[in-house]
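# What the coordinates show
Given next are the chains, with one letter for each unit.
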Amino acid sequence: MEKKALRNKYKQLRLNLSPQEVEDYSLQIANKLLTLDIWDFKMYHLFLSIEKQKEVQTDFLLHILQGKDKNVVISKSDFIDYSMSHYLLTDDTRIITNNYGIPEPDGMGISIDENQLDVVFVPLLVSDSIGNRVGYGKGFYDRFLKKCRPTVLKVGLSFVKPLDYQIKTNPNDIPLDMLVCPDKIYDFRQ
Ligand SMILES: Nc1nc2c(c(=O)[nH]1)N(C=O)[C@@H](CNc1ccc(C(=O)N[C@@H](CCC(=O)O)C(=O)O)cc1)CN2
Ligand SMILES: Nc1ncnc2c1ncn2[C@@H]1O[C@H](COP(=O)(O)OP(=O)(O)OP(=O)(O)O)[C@@H](O)[C@H]1O
């Protein structure tokens, strides 16, 4: 299946989940994350979930990060040039939900450069067997991840397991290192 067909299929499958399923699976994903060896870093980039798209809820993960005293970085999306700007999440951060339903900082806080990030938690619709991802198709994360250090750890969060085949990619696609699903972790590194 082409990326576009996969996008439509997995968007619809996700919309069919009940609010209870979204919550339960998201909590299972957070519990799986706790077993990973990713907690010795400083700077963690997190996406804030689009509720109406039934994305994986990241509030459990946010609590874990805050409990571990990590720096949490969140982004504001620019839908003109599909870029993201990044801000440290602090007690003073004002979060506003934009027209696409994405909760985001108002852009007044402490800016963070991509090369400061150690771990990026990545939203997606579905991944293939080697960590290539299908997202909403605007290339936000491909542009963003290209600016990060090559060693940045890219951890996808998904309700569905990877496809058992490879999808056709383009040169801009940056694959995930790991995918965390409700009942399994997939490591795409050698
Ligand atoms: N929570 C979260 N934040 C994120 C992403 C994400 O996937 N999840 N992104 C990951 O890249 C970027 C935002 N990308 C997005 C791209 C499209 C739509 C969206 O709502 N598309 C609608 C069609 C909207 C329209 O054309 O009016 C849709 O797909 O139904 C949302 C976010 C950056 N921030
Ligand atoms: N670094 C880049 N510079 C310019 N255009 C880019 C870059 N990365 C991606 N794009 C463009 O953005 C679009 C992304 O499409 P693609 O099908 O790969 O999206 P996706 O991986 O499903 O979505 P997303 O990254 O939004 O979650 C393509 O049109 C691609 O050409």
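The structure under discussion appears in the preceding block.
Notes on the structure in this doc start here. Computed from a predicted structure; not experimentally measured. (Residues numbered from 1 in each chain as written. Chains lettered and ligands numbered in written order. Predicted model: local features only at pLDDT ≥ 70, side-chain atom pairs only at ≥ 80, totals over all residues.)

### A word on the overall build of the chain
If you tally the helices and strands in the chain, you get four helices and 12 strands. Here the C-alpha radius of gyration of the chain, 16 Å, is about what a compact globule of 190 residues would show, namely 16 Å. Its C-alpha atoms give the chain principal-axis dimensions of about 45 × 35 × 35 Å. When the 190 residues of the chain are sorted by exposure, 33% land in the buried category. Restricting to contacts in the chain with at least 6 residues of sequence separation, those with at least 24 account for 68%. (Helix = DSSP H or I, 4+ residues; strand = E, 2+ residues; numbered from the N terminus. Rg over C-alpha atoms; globule rule 2.2 N^0.38 Å. Buried ≥ 20, exposed ≤ 12 C-beta atoms within 10 Å, placed from the backbone. Contact = placed C-beta atoms within 7 Å.)

### Notes on the sheet that holds strand β11 (residues 178–181)
The sheet built from eight strands is open, its strands ordered β6-β3-β2-β1-β7-β10-β11-β12 with mixed pairing. The sheet terminates laterally at β6 (111–112) and β12 (184–187), the two strands that pair on one side only. Sheet topology note: the strand β1 (residues 43–45)/strand β7 (residues 119–123) ladder contains two bridges and is parallel. Note on β7: the bridge partner recorded for tyrosine 44 is valine 119. (Pairing = 2+ DSSP bridges.)

### Details of the packing of helix α2 (residues 19–34) against helix α3 (residues 59–67)
Running from N to C, α2 and α3 point in directions that differ by 30°, and their axes come no closer than 8 Å. By the angle between their axes, α2 is roughly parallel relative to α3. Within the contact between the two elements, α2 uses Ser26, Leu27, Ala30, Leu33 and Leu34 and α3 uses Phe60, Leu61 and Ile64. Along the lines of polarity and charge, the residues of the contact of α2 with α3 split into seven nonpolar, one polar and no charged. (Axes fitted to C-alpha atoms, helices over the stretch in contact; angles between N-to-C directions. Parallel < 35°, antiparallel > 145°, perpendicular 65-115°, else oblique. Nonpolar A, V, L, I, M, F, W, Y, C, P; charged D, E, K, R; others polar.)

### A look at the nonpolar core
Membership of the largest hydrophobic core comes to 40 residues, with the highest contact counts inside it found for Ile29, Leu46, Val120, Phe121, Val155 and Val180. Broken down by secondary-structure element, the contributors of at least two residues to this core are α2, α3, β2 (71–78), β7, α4 (140–147), β10 (153–157) and β11. Beyond its immediate sequence surroundings of up to four residues, phenylalanine 121 is in contact with His45, Leu46, Phe47, Thr58, Leu61, Val155 and Leu157. (Core = buried A, V, L, I, M, F, W, Y, C linked by C-beta atoms within 7 Å.)

### Things to note about unusual backbone geometry
In this structure, lysine 54 takes a positive phi of about 55° despite not being glycine. With respect to the helices and strands, lysine 54 occurs in the loop between β1 and α3. The phi dihedral of aspartate 69 is positive, around 60°, even though this residue is not glycine. Mapped onto the elements of the fold, aspartate 69 is located in the loop between α3 and β2. The class of aspartate 69 is exposed, set by 7 C-beta atoms lying within 10 Å.

### Observations concerning the site of ligand 1
Residues in contact with ligand 1 amount to 15 residues; listed here are only the nearest, Phe47, Tyr100, Pro123, Tyr136 and Phe140. Grouping the constituent residues of the shell around ligand 1 by class yields 10 nonpolar, three polar and two charged. (Near = placed C-beta within 6 Å.)

### Considering the site of ligand 2
By nearness alone, 16 residues border ligand 2, and Gly135, Lys138, Gly139, Asp142 and Asn172 come closest of all. Breaking the shell around ligand 2 down by element, the ones donating at least two residues are β9 (133–134) and α4. The leading source of residues in the shell around ligand 2 is α4, at five residues.

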